[in-house]
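Below are the chains, spelled out letter by letter.
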Amino acid sequence: MTPPANDETNGVDNTISALNDSKEYKHYDYSMVNPRNYDDITKVVQSIIAQVGEDKAKSDIVQGHAGKLIFGTIHGKKVICQAGRFHPYEHKMDLALCAMPIRVMDQLGVRTLIVTNAAGGVNKSFHYGDLMLIKDQIFLPGLAGFSPLVGEHDKRYGGPRFVSMHECFDKDLRVLTKDIANRMSMRLMEGVYVMSGGPQYETPAEVRLYHAVGADALGMSTCHEVVVAKQCLMKVNHLEVIDAANKQGGKGVDLISALVKELPPPMSKQETAKLWGY
Ligand SMILES: O=P(O)(O)O[C@H]1O[C@H](CO)[C@@H](O)[C@H]1O
Ligand SMILES: Nc1nc2[nH]cnc2c(=O)[nH]1
């Protein structure tokens, strides 16, 4: 007996078939998940080709998160921007559903993903408002069995069943981002992000635990998106702002814009699969 298709599968198929009616939504190479501050995204996207979704914040829980996909260009590169994200604590820990936009981006051609978030600082040398580049992640819900890859492996979306999470944040993109930040005289930290299920914030004892296991910053998002992107053979780069959700504008936006300008041409899925040994 075939199990019924899950919500994620329906969501991807429905979204793709709705978007595929128009050529405006096809052949994008790059994508950005930029959860907060819709205004920031519109500052980076230089020409908007199309938009779908809601302008208003989609929930009271996570203020400022719109529910929108913006199709546009940044420095002449075709980019899809996801304004707002689905947090597992808003969706009964259905991580596959929460990472569904990444599969939609994959189906529209995206090969390079830039993710941003707001996080709490664990590393004592970090200051309020610092930017951090993620070099690795500790996916606590994933360790406890809440992974977006749990369940049926839908071969239509490709990618391996058992996904290697080594180098899940692309090394070349990190080197490029650090080089750009240096040229812009920006303070850019680098570290390990830990994701909890939330939505409660952490206790002091939990912060000490995270520190002990090597985390530099903490939050309640992102890791499930990165797992799915890795299965889709996308290269991922991730920037976060420490404990200053409303200060994500300004320097973070400037850095992302400069980074998109210098992004190398994307590799095909076949090339990436070969490079990663699949
Ligand atoms: O990770 P983003 O979506 O930026 O949101 C962060 O902000 C919320 C807490 O204020 C949590 O959801 C945390 O993960
Ligand atoms: N302390 C803390 N600060 C945050 N800022 C954004 N997300 C978080 C979080 O999960 N914890």
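Fair warning: this is a prediction, and the values are worked out from it, not measured in the lab.

(A) Expanded view of the side chain of threonine 222. Inspection of the secondary structure puts threonine 222 in the loop between strand S8 (217-219) and helix H8 (223-231). Sequence-distant contacts of threonine 222, that is, excluding residues within four places in its chain, are made with Arg85, Val115, Asn117, Tyr193 and His238.

(B) Up close: the state of the cysteines. Going through the model one piece at a time under the given rule, you end up with 0 disulfides. Cysteine 81 carries a free sulfur, and the closest cysteine sulfur to it, the one in cysteine 232, is 18 Å from it. Summary of cysteine pairing: cysteine 98 is not part of a disulfide, and the nearest cysteine sulfur, belonging to cysteine 223, is at 13 Å. The buried category is assigned to cysteine 98, whose relative accessible area is 2%.

(C) Main features of the pairing of strand S3 (residues 67-74). A large share of S3 lies buried, amounting to 7 of its 8 residues. Where S3 and strand S4 (residues 77-83) come together, 7 bridges link them in antiparallel fashion. Its bridge partner being in S4, phenylalanine 71 is matched across the sheet by isoleucine 80. Hairpin connection, S3 to S4: the antiparallel pair is bridged by 2 residues, and histidine 75 has positive phi, about 45°.

(D) Representation of the pairing of strand S5 (residues 112-121) within the structure. A large share of S5 lies buried, amounting to 8 of its 10 residues. Taken together, the 4 bridges between strand S1 (residues 30-33) and S5 define a ladder with parallel strand orientation. Residue pairing across strands places methionine 32 opposite isoleucine 114, the latter belonging to S5. Strand direction decides the pairing type here: S5 and strand S9 (residues 235-242), joined by 8 bridges, are parallel. Among the inter-strand pairings, threonine 112 is bridged to a residue of S9, identified as lysine 235. Pairing of S5 with S8, which is carried by 2 bridges, proceeds in the antiparallel orientation. Opposite glycine 121, over in S8, you have alanine 217 as the bridge partner.

(E) Looking closely at the nonpolar core. Grouped together as the largest cluster of nonpolar side chains are 43 residues, with contacts concentrated most on Phe71, Ile80, Ile102, Met105, Leu113 and Met234. Going through the elements one at a time, helix H1 (7-19), S3, helix H4 (100-107), S5, strand S6 (131-139), strand S7 (188-195), H8 and S9 are the ones with two or more residues in this core. In terms of residues, this core owes the most to one element, H8, which gives 5 residues. Aside from chain neighbours lying at most four places away, what touches phenylalanine 71 is Leu19, Glu24, Tyr25, Tyr28, Ser47, Ile48, Ile49, Ala50, Val52, Val79, Ile80 and Leu108. Counting residues in hydrophobic clusters, the runner-up holds 28 residues, among them Val45, Leu131, Ile256 and Val260.

(F) Structural view of H8. H8 sits mainly inside the fold: 9 of its 9 residues count as buried. Of the residues making up H8, those classed as buried are Cys223, His224, Glu225, Val226, Val227, Val228, Ala229, Lys230 and Gln231. Positive phi shows up at leucine 233, right after H8, with a value of about 60°.

(G) Up close: the site of ligand 2. Taken together, Ala118, Ala119, Gly120, Tyr201, Glu202, Leu218, Gly219, Met220 and Asp243 make up all the residues around ligand 2. Between ligand 2 and alanine 118, the relevant distance is 3.5 Å, taken from a nitrogen atom to a main-chain nitrogen or oxygen of the residue. With respect to ligand 2, the side chain of glutamate 202 contributes an N or O atom lying 2.5 Å from a nitrogen atom. Within the complex, 83% of the 280 Å² of free accessible area of ligand 2 lies under protein. Those elements that provide at least two residues to the shell around ligand 2 are S5 and S8. Considering each element in turn, the shell around ligand 2 owes the most residues, 3 residues, to S5.

(H) Up close: the packing of aromatic side chains. The tally for this structure, following the rule as stated, stands at 2 aromatic pairs. Ring plane angle 65° and centroid distance 4.7 Å describe the contact between tyrosine 25 and phenylalanine 71, whose orientation is recorded as edge-to-face. Pair noted here: tyrosine 25 is in the loop between H1 and S1 and phenylalanine 71 is in strand S3, with a separation of 46 residues, a long-range link. For tyrosine 25, a relative accessible area of 11% puts it in the buried group. When the ring of tyrosine 28 is compared with that of phenylalanine 71, the centres are 5.3 Å apart and the planes differ by 70°; the resulting orientation is edge-to-face. Of this pair, tyrosine 28 sits in the loop between H1 and S1 while phenylalanine 71 sits in strand S3, placing them 43 residues apart in sequence.

Quick notes on the rules
Residues numbered from 1 in each chain as written. Chains lettered and ligands numbered in written order. Predicted model: local features only at pLDDT ≥ 70, side-chain atom pairs only at ≥ 80, totals over all residues. Heavy atoms only, no water. Helix = DSSP H or I, 4+ residues; strand = E, 2+ residues; numbered from the N terminus. Contact = heavy atoms within 4.5 Å. Disulfide = S-S within 2.5 Å. Buried < 20%, exposed > 50% of the residue type's maximum accessible area, 1.4 Å probe, protein only. Pairing = 2+ DSSP bridges. Core = buried A, V, L, I, M, F, W, Y, C linked by side-chain atoms within 4.5 Å. Near = heavy atom within 4 Å. Polar contact = N/O pair within 3.5 Å; in protein donor to acceptor, adjacent residues only side chain to side chain. Areas by Shrake-Rupley, 256 points an atom, 1.4 Å probe, with all protein chains shown as cover. Phe/Tyr/Trp six-rings, centres within 6.5 Å; stacked < 30°, edge-to-face > 60°.

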